[in-house]
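Per-entry structural report
One letter stands for each residue in the lines below.
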Amino acid sequence: MNKRIIKKVAVLGSGVMGSRIACHFAGIGVQVLLLDIVPNEAKAADNKALRNKIVNDSLQAAVKSNPSPIYTKDVIKKITTGNFDDNLKDIANCDWIIEVVVERLDIKRSLYEKVEQFRKPGTLITSNTSGIPIHLLSEGRSEDFKKHFCGTHFFNPPRYLRLLEIIPTPDTDPAVVDFLMHYGDLYLGKTTVFAKDTPAFIANRIGVFGIMAIFQLVEKMGLTIDEVDALTGPIIGRPKSATFRTADVVGIDTLVKVAKGVYDNCPDDEQREVFQIPAWLNKVVENNWLGDKTGQGFFKKTKGAGGEKEILTLDLKMLEYKPRQKPKFASVDGAKPIDDLRQRLKMLVAAGDKAGEFFRHFHYGLFSYISHRIPEISDEVYRIDDAMMAGFGWEIGAFESWDVLGVDRTVKAMKAAGYPVASWVDDMLAAGNQSFYKIENGKTLCYDPQSKTYKPVPGSNEFIILSNYQDNIVWKNGVATVYDIGDEVLGLQWNSKMNTIGGDVLAGINKAVELAEKNHKGLVISNEGANFSAGANVGLIFMLAIEQEYDELDMAIRLFQNSMMRARYSSVPVVVAPHGLALGGGCELSLHSDKICAAAETYTGLVELGVGLIPGGGGTKEFVVRASDEMHEDEPETITLKNRFLTIATAKVATSAHEAFGLGIYRKGLDEVVMNQSRRVTEAKRSVIELADSGYVTPVQRKDVKVLGRSALGALYAGIHGMWRANYATDHDVTVAKKLAYVMCGGDLSEPTLVSEQYLLDLEREAFLSLCGEKRTLERIQSVLKGGKPVRN
């Protein structure tokens, strides 16, 4: 079989999903043809703009939407729009055709008939349907069409939700399935999950069951919407939108449609009655209270008496909107300080209050249901967990949660409470197997009910999870851990609140570099959890500043700077693999690495100006070094420096790893973007080995950094004053910006001068310390520590 290469994709249908799928493909560099119908009023028109009005309006609406479906503004150039009447012939030049039109079997079949006229043999043809059986869609089509036809179910929004369900028909060529599984993972950055052609596939079947089961618990336990959302959000490792807010975002009518689909098409489902729509939910739909799309659902935004925004909650008994209430549960309050989700889950499910009762019913019902879905919707346990984590944003999967609570202990409790488990679970326990997952040699194994043995999770060789290397811990302290991840490479990660960087983390960085230099090829620095690092521990800075412990503060800043320089000038390569937030100190660590292997969804920037400080861990220095290297004779030197200054002064944050190149944080031709964040540590490890094996040489500290002194300082001061006069900057903003400008210009020098990195670090540290003594800086830090935004003072 010839190697399949995807150069151009056709997306048929430009609605909410179609336009965003098109943006995602364009974001990875693929040419896209986006088509939709001609408006009725333009059927007889020759005007291209009129005939393409639907597709063009849809694409523009997508690009302007929040969160953005595009990595950078240039992405849109890769999308060509058209309509089915004039441009369907152009699909002949496409390597993959994705149908995303309205969820009606007759309309999809009609479109496929036209597609067959132009599609070249061998071209992939897939549908994004979420509710129509895949095998029905390809009935009546040619053998080649059927062979290359498959379901590819993206989740909305496609850029951010990582799940891609691959659903073949009996006629689909297995090689096509293998290709889509691999392509979705490697190029689209998805968790690709093989799903059987069953109603709602995997994620929606389990997810909607969970929501409908909660609706029953609401009636059974007399719970309110506010109580349920407090119990089913981040406290148990689920998104902030929890249950009812998620329903509002997705659309309550969509939820009801999926539930009805399962009820009508799954007569043998032992929990079929759970999918029955309760009377109060039918009434909500009849009232057209469908969620965000109609302006109100389970929640309603309104304005209070004073004109301030207020969110009301629907009282399910009275079907009236009332002010939100903040629920109080003793067990939840006790669990909040526990950062480890697994420990938190154990505590919550064991609790003796009303919340504990809810958690037991909730988990027992879920565990019972997923056990009975094997092998109906999936032969493998891990696929269900993968689907729920990637599609619904769960931190850990359902079977993994069951492991955390203890499978044997939980099964006994479930049976006592009237929740049956599938016989294969009993068989697993009877054979002495006490968990669904286990770790061996850093690899994840999963129990296989068919063979009754543990098998490696496919792809686990490509997905390095540092915490799986518990048997290979080289060093650790209270927060940071260094692992031997094989092939003479060490891995460092830490576990603090928001993965902030404090003294223990800095000690970990220094120790990891020291150990790597002794007898390893290099070091990978990465973190698990939602974020790489939200920055330095500002709580510690605040405490030292408020107590006026300036000597201690000076030592802390020196330690941070020295640790960044230690990483930069080690004798072995140091590669950083960030994801999520990589702000402040997390960004500075990246700036000082030999290479960055960033997940596409990395949001990075030097944000210290927001709290009244300047980057003090080498970030300001590094931007000056890079500005010096970027200065050219054919443009004013101050322009290059000004651009760098503005990036820090406005606390710009790249909204994707791709955008970080434009901000000068990542380096073109050196740093790389990893589409699938599960692969970033593996890619970082490969980079360490490549750098080491190609003859890595310790860099030499710079003493040739060109700073511009007064000539640039005057220009920057003038710009700062202009911002103040236009009311874009407060008095304190001016104070901070002038300190930054002073450092970036190398001080009040009479002429451009070559200086060392250490000279700049000293200036940076002095400015940072002076700002820590400012009352308004401390007010901003205090505001952030209380969970708010920095005050504008």
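Everything below is about the structure shown above.
First, a word on scope: everything that follows refers to the structure included in this document. Keep in mind the model is a prediction, meaning the values are calculated, not measured. (Residues numbered from 1 in each chain as written. Predicted model: local features only at pLDDT ≥ 70, side-chain atom pairs only at ≥ 80, totals over all residues. Heavy atoms only, no water.)

The next subject is helix 13 (residues 279-286). Taken together, the buried positions of helix 13 are occupied by Trp-280, Leu-281 and Val-284. Taken end-on, helix 13 shows its buried residues confined to a sector of 100°, consistent with a single buried face. Turned more than 90 degrees away from the buried face of helix 13 sit Ala-279 and Glu-286, all of them exposed. Packing partners of the buried residues in helix 13 comprise helix 9 (203-221), helix 11 (244-250), helix 12 (252-265) and strand 10 (309-315). (Buried < 20%, exposed > 50% of the residue type's maximum accessible area, 1.4 Å probe, protein only. Helix = DSSP H or I, 4+ residues; strand = E, 2+ residues; numbered from the N terminus. Arc of directions from axis to C-beta. Contact = heavy atoms within 4.5 Å.)

For the structure shown, the criterion picks out 1 cavity of 30 Å³ or more. The wall of the largest cavity is formed by Arg-20, Pro-67, Ser-68, Pro-69, Pro-157, Pro-158, Arg-159 and Tyr-160. Classifying every residue of the lining of the largest cavity by side-chain character gives 5 nonpolar, 1 polar and 2 charged. (1 Å grid on protein atoms, 1.4 Å probe; cavity = no way out; pocket = protein on both sides within 12 Å on 5 of 7 lines; lining within 4 Å. Points joined across faces, edges and corners; volume = space filled by probe spheres on them. Nonpolar A, V, L, I, M, F, W, Y, C, P; charged D, E, K, R; others polar.)

Moving on, we get to unusual backbone geometry. The amide bond that connects Asn-66 to the next residue, Pro-67, takes the cis arrangement and shows omega of 5°. With respect to the helices and strands, Pro-67 occurs in the loop between helix 3 (53-64) and strand 3 (79-83). The omega torsion across Ile-374 and Pro-375 is 10°, close enough to zero to call that bond cis. Relative to the helices and strands, Pro-375 resides in the loop between helix 16 (354-372) and helix 17 (381-392).

In this section: the packing of helix 9 against helix 16. Where helix 9 contacts helix 16, the axes come no closer than 10 Å and their chain directions differ by 145°. Between helix 9 and helix 16 the crossing geometry is right-handed. Where helix 9 approaches helix 16, its residues Arg-205, Ile-206, Phe-209, Ile-214, Leu-217, Lys-220 and Met-221 are matched on the opposing element by Lys-354, Glu-357, Phe-358, His-361, Phe-362, Gly-365, Leu-366, Tyr-369 and Ile-370. (Axes fitted to C-alpha atoms, helices over the stretch in contact; angles between N-to-C directions. Left-handed = near helix turned anticlockwise from the far one by under 90°.)

All right, on to the sheet that holds strand 3 then. As summarised here, the arrangement of the 8 strands in space is 3-2-1-4-5-6-7-8, forming an open sheet in which the pairing is mixed. Whereas interior strands pair on both sides, the edge strands pair on one side only; in this sheet they are strand 3 and strand 8 (191-194). Direction aside, the axes of adjacent strands within the sheet are offset by 25° on average. The pairing of strand 4 (residues 96-99) with strand 5 (residues 124-127) spans 4 bridges and is parallel. What sits directly across from Trp-96, in strand 5, is Leu-124. The sheet contacts of helix 5 (residues 105-118) involve strand 1 (8-12), strand 4, strand 5 and strand 6 (149-154), and relative to strand 4 the element is tilted by about 160°. (Pairing = 2+ DSSP bridges.)

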